[in-house]
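# Summary of the model geometry
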Amino acid sequence: MTKAPTRQAAAGRRERAPRYDHLRLEETVGFLLSDTARTMVRTFTKKIAVHGIGMGVFQFLRILWEEDGLTQSELAARARMKGPSAVAAIKELEWCGFVRRIDDRHDRRKVRLFLTAEGRRLYDVVMPDIEAIRKVMLADFSIAEQNLMKEMLRRMRQNLAPERVEVRRPSSGARRPNGSAARKRS
């Protein structure tokens, strides 16, 4: 039978534990960014769904609207997605009739993706929805504040680039959130 910790021992541990009050949920940039993005995506998903577009392919359409004729790997890199996710999205775009594959004239190993007439038509249908949501989302922000926010978000993204983030491994006796002990790696 395990003895329950005394109040004095528990109080002593609380006093020695570092305080993270500045990391309360509503005070963390990570939570606020994530929650805002989820809210925006939920709102926008409803808007574009009526046009037969899902969020899984929307980012690829946006990129092709700005630069048509990219290779699959170029498109995946611009979307910041791994190969399998990009392949699935591109197959869906093809299945919906929004893009077509054309062999590269200069390099037979490459296949380029081009918007179909239907894919191009969606631009004029969807962009007004994007503008409407943007106006609501940024209603109380000055142009200077909007530009500052975009610059700060780009810097955060750069700061979190994989080569800049050091991942801390739990110590051999550390507990995982689900209560199981971390496995020791050799």
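Quick summary incoming for the structure in this document. (Residues numbered from 1 in each chain as written. Predicted model: local features only at pLDDT ≥ 70, side-chain atom pairs only at ≥ 80, totals over all residues. Heavy atoms only, no water.)

## Focus on the packing of helix H3 (residues 55-66) against helix H5 (residues 83-95)
As a reminder of what qualifies: Axes, fitted as lines to C-alpha atoms, cover a helix only where it is in contact. Angles between the N-to-C directions of the axes lie from 0 to 180 degrees. Every helix listed is a DSSP run of H or I at least four residues long, and every strand listed is a run of E at least two residues long, numbered separately from the N terminus. Orientation categories follow fixed angle ranges, with anything under 35 degrees roughly parallel, anything over 145 roughly antiparallel, 65 to 115 roughly perpendicular, and all other angles oblique. What makes two residues a contact is simply this: any of their non-hydrogen atoms within 4.5 Å. Here the term charged refers only to Asp, Glu, Lys and Arg, the term nonpolar to Ala, Val, Leu, Ile, Met, Phe, Trp, Tyr, Cys and Pro, and the term polar to all other amino acids, Gly among them.
Two numbers describe how H3 lies on H5: the axes approach to 9 Å, and their chain directions differ by 85°. Judged by the inter-axis angle, H3 sits roughly perpendicular to H5. On the side of H3, the interface is formed by Gly-56, Val-57, Phe-60 and Leu-61, while H5 contributes Ala-86, Ala-89, Glu-92 and Leu-93. Partitioned by chemical class, the residues of the contact of H3 with H5 number 6 nonpolar, 1 polar and 1 charged.

## Remarks on the packing of H3 against helix H4 (residues 72-79)
Our working rule: Rotating anticlockwise by less than a right angle from the far helix to the near helix defines a left-handed crossing, while the corresponding clockwise rotation defines a right-handed one.
In contact at an axis separation of 10 Å, H3 and H4 are set at 110° when each is read in the N-to-C sense. Classed by the angle they form, the pair H3 and H4 counts as roughly perpendicular. Relative to H4, H3 is oriented so that their crossing is right-handed. Residue-level inspection shows Gln-59, Phe-60, Ile-63 and Leu-64 of H3 in contact with H4, the latter providing Leu-75, Ala-76, Arg-78 and Ala-79. Here the residues of the contact of H3 with H4 sort into 6 nonpolar, 1 polar and 1 charged.

## Thoughts on H3
Given 3.6 residues per turn, any residue in an α-helix points the same way as the ones three and four places further on. So the rule is basically this: Here, expected helix span is obtained from the residue count minus one, scaled by 1.5 Å. Partly exposed residues are those whose accessible area sits between 20% and 50% of the maximum for their type, while under 20% is buried and over 50% is exposed, using a 1.4 Å probe and protein chains only.
End to end, H3 covers 17 Å across 12 residues, agreeing with the expected 16 Å (1.5 Å per residue, within 8%). By the burial criterion, the buried members of H3 are Val-57, Phe-58, Phe-60, Leu-61, Ile-63, Leu-64 and Trp-65.

## Some details on the environment of Asp-129
Applicable threshold: Two N or O atoms count as a polar contact when they lie within 3.5 Å, although within protein this holds only if one can serve as hydrogen donor and the other as acceptor, and sequence-adjacent residues are included solely when both atoms are side-chain atoms.
Examined against the element boundaries, Asp-129 turns out to sit in helix H6 (residues 117-137). Between the alpha carbons of Asp-129 and Ile-48 there is a distance of 7.6 Å; along the sequence they are 81 residues apart. The residues touching Asp-129, leaving out its near neighbours within four places in the chain, are Phe-44, Lys-47 and His-51. There is a polar contact of 3.0 Å between the side chain of Asp-129 and the side chain of His-51.

## Comments concerning the packing of aromatic side chains
Basically, it comes down to this: Only Phe, Tyr and Trp rings are paired, with Trp represented by its six-membered ring, and only when their centres lie within 6.5 Å; those with planes under 30 degrees apart are stacked, over 60 edge-to-face, the remainder tilted.
Tallying each qualifying case throughout the model produces 3 aromatic pairs. For the pair Phe-58 and Trp-65, a centre-to-centre distance of 6.1 Å together with 80° between the ring planes defines the contact as edge-to-face. With respect to burial, Phe-58 and Trp-65 carry one shared label: buried. Connected via pairs of aromatic rings, a cluster forms that spans Phe-44, Phe-58, Trp-65 and Tyr-123.

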